[in-house]
Amino acid sequence: MTKASNIVIILSVLSSIFILLYIFQLNQKSNNLETELKNFDKTSSADIRKISNPIFKSKGLESKSYTIKADKGIQDDSYIELYNVKAEFEGENNKIFYVSADRGIYNQQYETIELIENVVILDELKNKTSTNKAVIELNVKKITLLEEVVSVSSKATISSNSSILDELNNTITYLGNVKAKIENE
């Protein structure tokens, strides 16, 4: 019986050692994770800048003019998150489009703005398009509307899952579940 007792004691001691090593490793990983999080907070907050009332305007003679304004912005690298966005874009034949959204993400490098929540686009003829999300590619004159698109003009209402307005090709494409109601004169 002493052999059996010795084996049980040895197994108990080995189990205890393994459990202690496991707990020690967990503690080390936890400490490393805390250190990484502290370092991340220090580096990430240093790169972020808050901007009051940011305004962005087009540059150059080749591009159509645009103005993007917001109540506030938070810049992180080349992206600027905007809040309460109001914008004007010049389209073909000098037509002006007015755009508003709750939030936006402007990429200065690629000249794109992603608009999020309560996006409304209004043209000079009072045609109104609303959606939950839109991406405007300023350099290629293209607007992609996503999530519950509704376009209303004086004689028609069109709803769809998404839509693409391409000024270079002078096309509007409605995608997904498309419904149109057109009034006759």
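The following refers to the structure shown. None of these values were measured; they are calculated from a predicted model.

Here we take up the packing of aromatic side chains. This structure, assessed with the given rule, holds zero aromatic pairs. Here K72 stacks its cationic end above the ring of Y83, 5.0 Å away from the centre of that ring.

Looking at where T131 falls in the secondary structure, it is placed in strand β8 (residues 128–137). There is a polar contact of 2.8 Å between the side chain of T131 and the backbone oxygen of E147. Each residue touching T131, except ones within four places of it in the same chain, is listed here: N118, V119, L145, L146, E147, E148 and V149.

Here the focus is the pairing of strand β3 (residues 66–69). Burial along β3 is one-sided: the residues Y66 and I68 are buried and none of T67 and K69 is. When strand β2 (residues 55–57) meets β3, the two strands line up antiparallel, connected through three bridges. Opposite F56, over in β3, you have I68 as the bridge partner. Note that β3 and strand β5 (residues 79–90) share four bridges and pair antiparallel. From the neighbouring strand, T67 faces β5, where its bridge partner is E88.

All right, on to the pattern of salt bridges then. Applying the stated criterion to the full structure yields three salt bridges. Of the charged contacts in the structure, one is a salt bridge between E81 and R103, with a shortest N-O distance of 3.2 Å. Here E81 is found in strand β5, whereas its partner R103 is found in strand β6 (residues 96–107), with 22 residues between them in sequence. Residue E114 pairs with K133 through a salt bridge whose shortest N-O separation is 3.3 Å. Residue E114 is found in strand β7 (residues 112–123), and its partner K133 is found in strand β8; the two are separated by 19 residues along the sequence. Looking at E114, the relative accessible area reads 24%, which means it is partly exposed. Within this structure, E81, R103 and E117 form a network of salt bridges that share partners.

If you check the backbone angles, E117 has positive phi at about 70° while not being a glycine. Take E117: it is sitting in strand β7. Residue E117 is classed as partly exposed on the basis of its relative accessible area, which comes to 37%. Phi is positive for E147, which is not a glycine, with a value near 65°. With respect to the helices, strands and loops of the structure, E147 is situated in strand β9 (residues 142–152).

Scoring rules and cut-offs
- Residues numbered from 1 in each chain as written.
- Predicted model: local features only at pLDDT ≥ 70, side-chain atom pairs only at ≥ 80, totals over all residues.
- Heavy atoms only, no water.
- Phe/Tyr/Trp six-rings, centres within 6.5 Å; stacked < 30°, edge-to-face > 60°.
- Lys NZ or Arg CZ within 6 Å of the ring centre and 35° of its normal.
- Helix = DSSP H or I, 4+ residues; strand = E, 2+ residues; numbered from the N terminus.
- Polar contact = N/O pair within 3.5 Å; in protein donor to acceptor, adjacent residues only side chain to side chain.
- Contact = heavy atoms within 4.5 Å.
- Buried < 20%, exposed > 50% of the residue type's maximum accessible area, 1.4 Å probe, protein only.
- Pairing = 2+ DSSP bridges.
- Salt bridge = Lys/Arg side-chain N within 4 Å of Asp/Glu carboxyl O.

Read these as geometric descriptors, not functional statements.
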